[in-house]
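Examining the three-dimensional arrangement
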Amino acid sequence: MHFGLSEEQEMIVSTVRSFVENEIYPHEAEVERTGQVPYELGEEIKQKCIDLGFYACNFPEEVGGAGLSHLDFTLVERELGRGSMALTHFFGRPQNILMACNEDQRERYLLPAVRGERMDALAMTEPDAGSDVRGMKCQARRDGGDWVINGSKHFISGAEHADFFIVFIATGVDETPKGPKKRITTFLVDRGTPGFEVRDGYNSVSHKGYKNCILTFDDCRLPDAQVLGEVDGGFAVMNEWLYATRITVAAFSVGRARRCFDYALNYAAERKQFGQPIGKFQGIGFQIADMITEIDAADWLTLAAAWRLDQGLPSNREIASAKLYASEALARVTDTTLQIFGGMGLMDDFPIERFWRDARVERIWDGTSEIQRHIISRDLLRPLGA
């Protein structure tokens, strides 16, 4: 077994970390203060990423991406996790679900997204359909050769800057032994489509500047050409392409935890009480030891899950384990760091309180911790007939 990174992978880590430190860190405090990313700044970050050759690096070379493996891309996401999500959003990682586009859709959506000409946003969650995706009420009905859509979505990240949306909508109901089961279809919806509106969402204490929006559909009419994949095949598209979002959360959590840990380690070495650095007291030193152990464990779980994907091995449980453990480890690391800093940890002189607030949402989006535990336990018990 070889656990080291290749020379190329080391270069990826070094390049992205340098980008985050030089292009993201300097703007974080202002974004945190205003809750906004100026348009010009977002475009500047995007263009620098394009010039660096990393824009849409999660896409294969044949469509204009960098063709990174799952493991390589996880390393990219891990380093991006160190920075403000509101700013690293413009580093540009379009939803890989766009690989399901047909030939016409590739020209209108996939290729412009990879080139950085159009930005996308994924829309699945509704007020009454979070973990229970099939509980969605936003629905599309046939009307001649078109679909007429009514309903809403909320908590839609990146919608503020999106030119088009990848939306999951109920298109029918099947009667099953376990009761009614909704059929889901994926649609591509352009901003400005009649009957479709993007509205401001809720004010979140996590990830200031990385806004969520509400999407509303009021007799919004779409032709069949806007269906991504097959009609009623939304779950097939989802299961084939959306696993990567959970690895992204895990990788982000590891990157953010390492940045936070660096603050804790340095503070424990420099801050003195009773005539010596506080890190020399077991109460602090043991916390430092526990934190780095958890971070390393989360890191290896995440990289191992990405490696399994590259090998074509079953990875559902491993990805869920990585997302679960890394997001919960981040919560413990940020809380412990704040405790080590004491009262100063809650002041905005340091980014510790921001890391602490931001960490809370990682256990919720892209599948709550409870959903991840369900995936893991189901994967273990089903082969035993339980």
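Calculation rules
- As a convention, each chain's residues are numbered from 1 in the sequence order in which they are written.
- This being a predicted model, a pLDDT of at least 70 is required before a residue's local features are given, and a value of 80 or more before pairs of side-chain atoms are given or counted; all residues contribute to the totals for chains, interfaces and linings.
- Values shown for side chains rest on all heavy atoms present in the structure; no hydrogens or waters enter the calculation.
- One speaks of a salt bridge when a side-chain nitrogen belonging to Lys or Arg is within 4 Å of a carboxyl oxygen belonging to Asp or Glu.
- Fitted lines through C-alpha atoms give the axes, limited to the stretch in contact for helices. The angle between two N-to-C directions lies from 0 to 180 degrees.
- Note on conventions: DSSP H or I runs of at least 4 residues are helices, E runs of at least 2 residues are strands, and numbering of each starts at the N terminus.
- Angles below 35 degrees are treated as roughly parallel, those above 145 as roughly antiparallel, those between 65 and 115 as roughly perpendicular, and all remaining angles as oblique.
- In this scheme the handedness of a crossing depends on how the near helix is turned from the far one: anticlockwise by less than a right angle means left-handed, clockwise means right-handed.
- Here, residues are in contact when the closest pair of their heavy atoms is within 4.5 Å.
- Three classes are used, and their members are as follows: Ala, Val, Leu, Ile, Met, Phe, Trp, Tyr, Cys and Pro are nonpolar, Asp, Glu, Lys and Arg are charged, and the others, Gly among them, are polar.
- Partly exposed residues are those whose accessible area sits between 20% and 50% of the maximum for their type, while under 20% is buried and over 50% is exposed, using a 1.4 Å probe and protein chains only.
- UniProt positions are given in the numbering used here, feature names are shortened, and annotations may be inferred rather than shown by experiment.
- Patch rule: a residue counts if its relative accessible area is over 30% and it has no salt bridge; like charges are joined within 9 Å, and nonpolar side chains (Val, Leu, Ile, Met, Phe, Trp, Tyr) within 5 Å.
- All accessibility values rest on the Shrake-Rupley procedure with a 1.4 Å probe; residue burial counts only the protein chains present in the view.
- Counting rule for charge: Lys and Arg are taken as positive, Asp and Glu as negative, and neither His nor the chain ends is counted.
- A single reference atom marks each charge: NZ on Lys, CZ on Arg, CG on Asp, CD on Glu.

Considerations on the pattern of salt bridges
A full pass over the atoms with the stated rule returns 33 salt bridges. It is possible to trace a salt-bridge network through shared partners that takes in Arg17, Arg78, Glu79, Arg82, Arg258, Asp262, Asp296 and Asp299.

A short note on the packing of helix 9 (residues 316-341) against helix 10 (residues 352-359)
At a minimum axis separation of 9 Å, helix 9 and helix 10 run at an interaxial angle of 155°. Comparing their axes, helix 10 and helix 9 come out roughly antiparallel. Classified by chirality, the crossing of helix 10 by helix 9 is left-handed. Here Leu330, Ala331, Thr334, Asp335, Thr337, Leu338 and Phe341 of helix 9 lie close against helix 10, whose contacting residues are Ile352, Phe355, Trp356 and Ala359. When its residues are assigned to classes, the contact of helix 9 with helix 10 shows eight nonpolar, two polar and one charged.

Quick look at unusual backbone geometry
Positive phi values are uncommon outside glycine, yet Asp232 reaches one of about 65°. Examined against the element boundaries, Asp232 turns out to sit in the loop between strand 8 (227-228) and helix 6 (234-241). For Asp232, a relative accessible area of 32% translates into the label partly exposed.

Focus on the UniProt feature "domain: Acyl-CoA dehydrogenase/oxidase C-terminal" (unreviewed entry) in the chain
Listed under "domain: Acyl-CoA dehydrogenase/oxidase C-terminal" (unreviewed entry) in the UniProt record, and renumbered for this structure, are residues 233-380. Along residues 233-380 the backbone is 75% helical and 3% strand, and the end-to-end C-alpha distance reaches 27 Å.

What to know about a positive patch on the surface
Positive charge collects at one region of the surface, where Lys178, Lys181, Arg378 and Arg382 lie side by side. Its location among the elements puts Arg382 in the segment after helix 11 (369-381).

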